[in-house]
Amino acid sequence: MKSLIDKERQRPSKDQLKLLQAAHDLRAPVSAIMAVLESSGEFCSTKRLLTRQALMRILHLAENILIEHRNAIPASENYPIISAIESLVEEKRALFPALKIEIFDESRGIQMSKEKLLQVQRVLCCIIQNSAEAMERQKDSLVRIFLKVRYSKFLIVVEDNGPGI
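Sequence positions are assigned chain by chain, starting from 1 and proceeding in written order. Local features are withheld for residues below a pLDDT of 70 in this predicted model, meaning they are given only at 70 or higher, and side-chain atom pairs are given and counted only at 80 or more; totals for whole chains, interfaces and linings count all residues. Note that water and hydrogens are dropped before the side-chain values are worked out from all heavy atoms of the structure.

1. A few points about the sheet that holds strand S5 (residues 153–160)
Here, any two strands with at least 2 DSSP bridges between them count as paired. Runs of E in the DSSP output that reach at least two residues are strands. Runs of H or I that reach at least four are helices, and both are numbered from the N terminus. The strand order across the open sheet formed by three strands is S2-S4-S5, and the pairing between neighbours is mixed. The outermost strands of the open sheet, each flanked by one partner alone, are strand S2 (100–105) and S5. Going from strand to strand, the sheet's axes swing by 15° on average, the running direction of each strand aside. As judged from the eight bridges shared by strand S4 (residues 142–150) and S5, these two strands associate in the antiparallel manner. Opposite Val 149, over in S5, you have Phe 154 as the bridge partner. For helices, the axis comes from a line fit to the C-alpha atoms of the stretch in contact; other axes are also lines fit to C-alpha atoms, and the angle between any two N-to-C directions lies between 0 and 180 degrees.

This is the structure:
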């Protein structure tokens, strides 16, 4: 009986489901508008930049909503970090098909709580997004994510072959 009650508490409400669907549905049209914007010569560079920045903010909001509510996982349990990173990478690959993303997992099955996984996903989401944007006109763009354990510390190292700052 108790497990049924726990499962019911974990189930998203109708409002949460609507929010998740809206966030998911926003991503495709925003990506389409961005593609048209990039290929169109009708906008001056300032308007194109402002429009692109506004669209990216919408996209980030939608992704953050999805990340927060992805997989109704009980907060008290731990889960492998690699699965959370792989799901995020799959989303980014779909969003940026020209970007190659490689994961090197030396994490030895490290697990984290739901809260920590969401924090890691948020940070990585922004890092990969920034890398992709910086390299969007570059051929052979590549992001590498290394999951490592060193001296009983867990490390995530992200590199890209972009132009740098």
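2. What to know about the nonpolar core
In these notes, a set of buried Ala, Val, Leu, Ile, Met, Phe, Trp, Tyr and Cys residues joined through side-chain atoms within 4.5 Å is what counts as a nonpolar core. Each residue's exposure class comes from its accessible area (1.4 Å probe, protein chains only) as a fraction of the maximum for that residue type: buried when under 20%, exposed when over 50%, partly exposed otherwise. Grouped together as the largest cluster of nonpolar side chains are 20 residues, with contacts concentrated most on Ile 85, Leu 99, Ile 101 and Ile 145. Listed by contribution, the elements that provide at least two residues to this core are helix H4 (81–95), helix H5 (114–134) and S4. For Ile 145, the contacting residues outside a window of four places in its chain are Val 89, Ile 101, Glu 102, Ile 103, Phe 104, Ile 128, Ile 156, Val 157 and Val 158. Among the nonpolar cores identified, the runner-up in size contains five residues, and Val 30, Met 34, Leu 55 and Leu 59 belong to it. The contact criterion used is simple: two residues touch if any of their non-hydrogen atoms lie within 4.5 Å.

It is worth stressing that arrangement in space is one thing and function is another; only the former is reported here.
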